[in-house]
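Examining the three-dimensional arrangement
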Amino acid sequence: MKIARFSHDDAILFGIVDDTDLVVLVGDPLFAGYETTGDRVPIADAVILAPVIPRSKIVCVGKNYHDHAAEMGGEAPEEPLLFLKPNTSVIGPGDAIVRPAISERTEHEGELAVVIGKVAKNVTAERALDHVLGYTIANDVTARDLQRKDGQWARAKGFDTFCPLGPTINTDFDPATATLETRVNGEVRQKAPLTDMIHSVADIIAYASAVFTLLPGDVILTGTPAGVGEFGAGDTVEVEITGLGILRNSVGDAPRAS
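Our subject in this report is the structure included herewith. Being a predicted model, the structure only gives us computed values, none of them experimental.

**Details of the side chain of Arg 183**
- For Arg 183, the position within the fold is in strand S15 (residues 179-184).
- You can call Arg 183 buried: its relative accessible area is 10%.
- Side-chain polar atoms of Arg 183 contact the side chain of Glu 240, separated by 3.0 Å.
- Once residues lying within four places of it in the same chain are set aside, the contact partners of Arg 183 are Val 188, Arg 189, Thr 236, Val 237, Glu 238, Glu 240 and Ile 246.

**A closer look at the sheet that holds strand S9 (residues 96-99)**
- Reading across the sheet, the five strands line up as S9-S20-S19-S15-S16 and stay open at both edges, with mixed pairing between neighbours. Looking at strand neighbours, the two that pair on one side only are S9 and strand S16 (187-193), the edges of this open sheet. Strand-to-strand twist in this sheet, taken as the mean axis angle between neighbours without regard to direction, amounts to 20 degrees.
- Note: S15 against strand S19 (residues 236-241), five bridges, orientation antiparallel. The residue bridging Val 184 from the neighbouring strand is Val 237, located in S19.

**Focus: the environment of Val 251**
- Its place among the elements puts Val 251 in strand S20 (residues 245-253).
- Along the backbone, Val 251 and Gly 94 are 157 residues apart, and their C-alpha atoms lie at a distance of 9.9 Å.
- Apart from residues lying up to four places away in sequence, Val 251 is in contact with Ile 97, Arg 99, Phe 231, Gly 232, Ala 233, Gly 234, Asp 235 and Val 237.

**Observations regarding the packing of aromatic side chains**
- Taken as a whole and assessed by the stated rule, the structure comprises three aromatic pairs.
- Considering the side-chain rings of Phe 83 and Trp 153, the 5.0 Å spacing of their centres and the 75 degrees angle between planes classify their relative orientation as edge-to-face. You can see Phe 83 sitting in strand S7 (residues 81-85) and its partner Trp 153 sitting in the loop between helix H4 (144-150) and helix H5 (154-158), a full 70 residues away along the chain.
- Under the relative-accessibility criterion, Phe 83 is labelled buried at 10%.

**Thoughts on unusual backbone geometry**
- Across the junction of Gly 166 and Pro 167, the peptide omega takes the value 5 degrees, indicating a cis bond.
- Within the secondary structure, Pro 167 sits in strand S14 (residues 163-170).
- If you check the backbone angles, Asn 122 has positive phi at about 55 degrees while not being a glycine.
- Among the structural elements, Asn 122 can be located in the loop between strand S11 (110-116) and helix H3 (125-128).
- Owing to a relative accessible area of 52%, Asn 122 belongs among the exposed residues under this scheme.
- The backbone of Thr 161 sits at a positive phi, close to 80 degrees, despite the residue not being glycine.

Conventions used here
- In this numbering scheme, every chain counts its residues from 1 along its sequence in written order.
- For this predicted model, a pLDDT threshold of at least 70 governs which residues receive local features, and a threshold of 80 or more governs which side-chain atom pairs are given and counted, while totals over whole chains, interfaces and linings are taken from all residues.
- Only hydrogens and water are set aside when side-chain values are computed; all heavy atoms of the structure are taken into account.
- Only DSSP runs of H or I reaching four residues or more are called helices, and only runs of E reaching two or more are called strands; each is numbered from the N terminus.
- Here's how the labels work: a residue is buried when its accessible area is under 20% of the maximum for its type, exposed when over 50%, partly exposed in between, all with a 1.4 Å probe on protein chains only.
- Here a polar contact is taken to be a pair of N or O atoms separated by no more than 3.5 Å, where protein atoms must pair a possible hydrogen donor with a possible acceptor and residues adjacent in sequence count only if both atoms sit in side chains.
- A contact between two residues is defined here by any heavy atoms of the two lying within 4.5 Å.
- When DSSP finds two or more bridges between two strands, those strands count as paired.
- Each axis is a line fitted through C-alpha atoms, taken for helices only over the stretch in contact, and angles between the N-to-C directions span 0 to 180 degrees.
- Between the rings of Phe, Tyr and Trp (Trp by its six-membered ring), a pair exists once the centres lie within 6.5 Å; its type follows the angle of the planes, with under 30 degrees stacked, over 60 edge-to-face, and the other angles tilted.

Here it is as structure tokens:
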């Protein structure tokens, strides 16, 4: 089942994707389940939004592919390397990534994203997936020059618009069967099977839940493969994952101070 968050007639709604229609849900499925209103909205008449706006946090995993760790100049960490992005960094499909004026190099990082469906604290890897609502696509946009300058990642990865999510949440997705591909203006930059991840989704959830409570709507970004690279104003960045669709965003520049 694919769940979309969308706007229609000045209202923000949730719906189940059914061919070319959205079957409207009573409310946010995280809290209201999958009861429908009986209404249907053609997808062509809706604006698809980020499928979730985390109420609490976006948990990210760094260097979770050996080849990406190597291209960043180091070994892959033995345990998941966690950092956070603010929920104000989230945008949806079709929204513009805005490159901040203080950065000279902004890069894409296509990733699988996991949406938490129920409270998880100190869960085991064996039970971790019981706490997952579904999966979507993310782009962990990074101001690479600031990341290197700061020595920590909060500023470089936390700007507004630096966490595109979407287009929908797939509740039946199996990462073991999927491939991730990132393109800039149609040029393939990243391509890898999700099975190349060092730490599995279940292991990441177990590890993170031992640090902080994961709440419904929290999002986990699971890391990016090799091939991260720069993009500029006017470009189009696409992240595609088999079974999840395509997350497509344009790019613009923030105005510089005069």
